[in-house]
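Geometric and topological summary
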Amino acid sequence: MGNLTHAAGRLAVSKVSDVVLKNLDKDREKEIVKLVDFMEKYMDGEKLDINYEKARTMITDKNGALNHYINRLLDEVDPHVLKTMVLNLGFEAFLNGTKTIRKMREKYKCNVPWLILMDPTSACNLHCTGCWAAEYGNRLNLSFEDMDRIVTQGKELGIYLYFFTGGEPLVRKDDIIRLCEKHDDCGFHAFTNGTLIDEKFCQEMKRVGNFSVAISLEGFDEVNDLRRGKGVFDKVMHAMDLMKQYGLIFGTSICYTSKNYKVVTSDEFLDMIIEKGARFSWYFHYMPVGNDASTELLLDPDQREYMYHRIREIRAMKGGKPIFAFDFQNDGEYVGGCIAGGRNYCHINPNGDVEPCVFIHYSGANIKEVGTFNGIISDINGRFALSVNPNAVLEISYIGYVTTTVPVKDNKVLSIEIKEAEQSLEEVVVVGYGKQKKESVTASIASISRKELVQTQQSNISNMLVGRMPGLIAFQRSGAPGEDASSLLIRGVSTFTDNTAPLIMIDGIERTNFDGIDPNEVESLNI
């Protein structure tokens, strides 16, 4: 079966999955073992560090952690979501993807990653102390077309797994769902603060079936909110409750420090997130990168050794917890060391620059031949070599610099200078998806500053605006926690459609509301 076609392989996994899901009240383990049998045959001839017989034994051991874990998935996860993840993450990414990627590495004689991390945006609705992503600022975005091209070209290389980082990826939740719809054979996963997950988004996640999230959490409410902001823990708990209700697959992303490492691996904490419905937990040890980073939070050698052993206790097949724990740094032994630099993953930042590692913010300038997919990245000294068409025009972009186009003509060697991006924000006004000079704006514009905004005792920005800006009408329809935001109208009902809500733009990104935004992070607000 090692030569089974891609289509036939996916169909076989689909049929076995259907049998498992239709016979949940019968011998589940017997049907699940058939997936292991298929995997062994399909990957025949491929070198994988997998003991298939041991896997069968662990699945059928009713007292084992893996058996308990699988049964919780079958009992609690929506069948469509579960089947889609088995097909896309299991078959496409792990089985078919692994085989294809290995062929491509031989063909192109270079690293081809198993997964790609990309940042849809650098914008975020929180401002956490020590955030490594804050190095990019908050105004960069990959367009939907850019992300679509990344996935389309990635699949040609055998890459069927894509992680979203940021910024806060769910600021772009509509585009992420569009991507999941278009590439319904891929698995998508986002690292998120969880505050933008609402019931409507859970319904969309359930519908597409191929999107999961890891919510950032750093302990119980007091410790978590110390770095992330007051009220964030409660919003995360609410998001988890919603996702469990809709049968979605999600987990946690935990940054452990010298202050919280025992709390986030305690039985009490783990039992809490398991009860909430978490299926996995990523652990990352703190690194002093980003805003106001503190070296005091670094773990010492003894604390790191404690984490090394504790994570293995948590995921032990005998006596472990029914949750899968990954330690990004300390689990390097299982993947042969560092997986960055395209060895198993690479990172594309919100400017479109390809970086070797999500934690190391270095990339050369992007050089692309306009109108083609032909491109390259310069080295650390700005040098590059690229074969192009005779009449090619090169586009050069780099974070913080003006994008420049240069015609190649008959030149074999080019000396290109790019200029720093400088723009006086006081001279422009953002209007919808664009901007205009102040003198050319004819509509009435009302503004409110952060200082004025935070003078009220409200916690939601929409409620803070009540009675503060001319032409703004607000209706608060509920006082229930999480549902107390006001509906806004500007200068009355100005549309004949059912959608009377104003267009909300935050740092150039469309949002449906102000939920989850810390008022202290608002520079100004204009109507």
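Scope of this entry: the structure provided in the associated data block. What you see is a predicted model, and the numbers here were worked out from it, not measured in a lab.

1. Considering the pairing of strand 4 (residues 211–216)
With 6 of its 6 residues buried, strand 4 lies for the most part within the structure. By the alternation rule, side chains of strand 4 split into Phe 211, Val 213 and Ile 215 and Ser 212, Ala 214 and Ser 216, which are all buried. Bridge count for strand 3 (residues 187–192) against strand 4 is 5 bridges, and the pairing is parallel. Bridge pairing in strand 4 links Phe 191 to Ala 214. Between the parallel elements strand 3 and strand 4, the chain passes through helix 8 (residues 199–208) in a crossover that is right-handed.

2. Quick look at the packing of helix 2 (residues 28–42) against helix 4 (residues 65–76)
Following both chains from N to C, one finds helix 2 and helix 4 inclined at 100°, their axes separated by 12 Å at the closest point. When the interaxial angle is binned, helix 2 and helix 4 end up roughly perpendicular. Only Asn 67, Ile 70, Asn 71, Leu 74 and Asp 75 of helix 4 make contact with helix 2, whose side of the interface consists of Arg 28, Glu 29 and Ile 32. Looking at the contact of helix 2 with helix 4 residue by residue, the classes come out as 3 nonpolar, 2 polar and 3 charged.

3. A closer look at the sheet that holds strand 3
Taken in spatial order, the 9 strands of this open sheet run 7-6-5-4-3-2-1-8-9, and their pairing is mixed. The sheet is open, and its two borders are formed by strand 7 (324–327) and strand 9 (354–355), each paired with just one other strand. In this sheet, strand 5 (residues 250–256) lies alongside strand 4 in parallel orientation, the contact comprising 4 bridges. Its bridge partner being in strand 5, Val 213 is matched across the sheet by Phe 250.

4. Concerning the state of the cysteines
Across all of its chains, the model carries 0 disulfides by this definition. Take Cys 338: it sits in no disulfide, and the sulfur closest to it among the cysteines is that of Cys 357, at 6.1 Å.

5. Side note on the packing of aromatic side chains
Counting across every chain of the model gives 19 aromatic pairs. Seen in terms of ring centroids, Phe 284 and Phe 328 are 5.3 Å apart; in terms of plane orientation they differ by 35°. Their pairing is tilted. Taken together, the residues span a long stretch of sequence, with Phe 284 in strand 6 (residues 280–285) and Phe 328 in the loop between strand 7 and strand 8 (345–348) at a distance of 44 residues. On the accessibility criterion, Phe 284 (13% relative accessible area) is buried. Among the aromatic side chains, those forming a connected cluster through ring pairs are Phe 163, Phe 191, Trp 282, Phe 284, Phe 324, Phe 326, Phe 328 and Tyr 345. One cation-aromatic arrangement involves Lys 99 over Tyr 42; the distance from NZ or CZ to the ring centre is 4.2 Å. A cation over a ring is seen here: Arg 312 above Tyr 308, with NZ or CZ 3.6 Å from the ring centre.

Parameters and conventions
- Residues numbered from 1 in each chain as written.
- Predicted model: local features only at pLDDT ≥ 70, side-chain atom pairs only at ≥ 80, totals over all residues.
- Heavy atoms only, no water.
- Buried < 20%, exposed > 50% of the residue type's maximum accessible area, 1.4 Å probe, protein only.
- Helix = DSSP H or I, 4+ residues; strand = E, 2+ residues; numbered from the N terminus.
- Pairing = 2+ DSSP bridges.
- Right-handed = clockwise from strand over helix to strand, strands pointing away.
- Axes fitted to C-alpha atoms, helices over the stretch in contact; angles between N-to-C directions.
- Parallel < 35°, antiparallel > 145°, perpendicular 65-115°, else oblique.
- Contact = heavy atoms within 4.5 Å.
- Nonpolar A, V, L, I, M, F, W, Y, C, P; charged D, E, K, R; others polar.
- Disulfide = S-S within 2.5 Å.
- Phe/Tyr/Trp six-rings, centres within 6.5 Å; stacked < 30°, edge-to-face > 60°.
- Lys NZ or Arg CZ within 6 Å of the ring centre and 35° of its normal.

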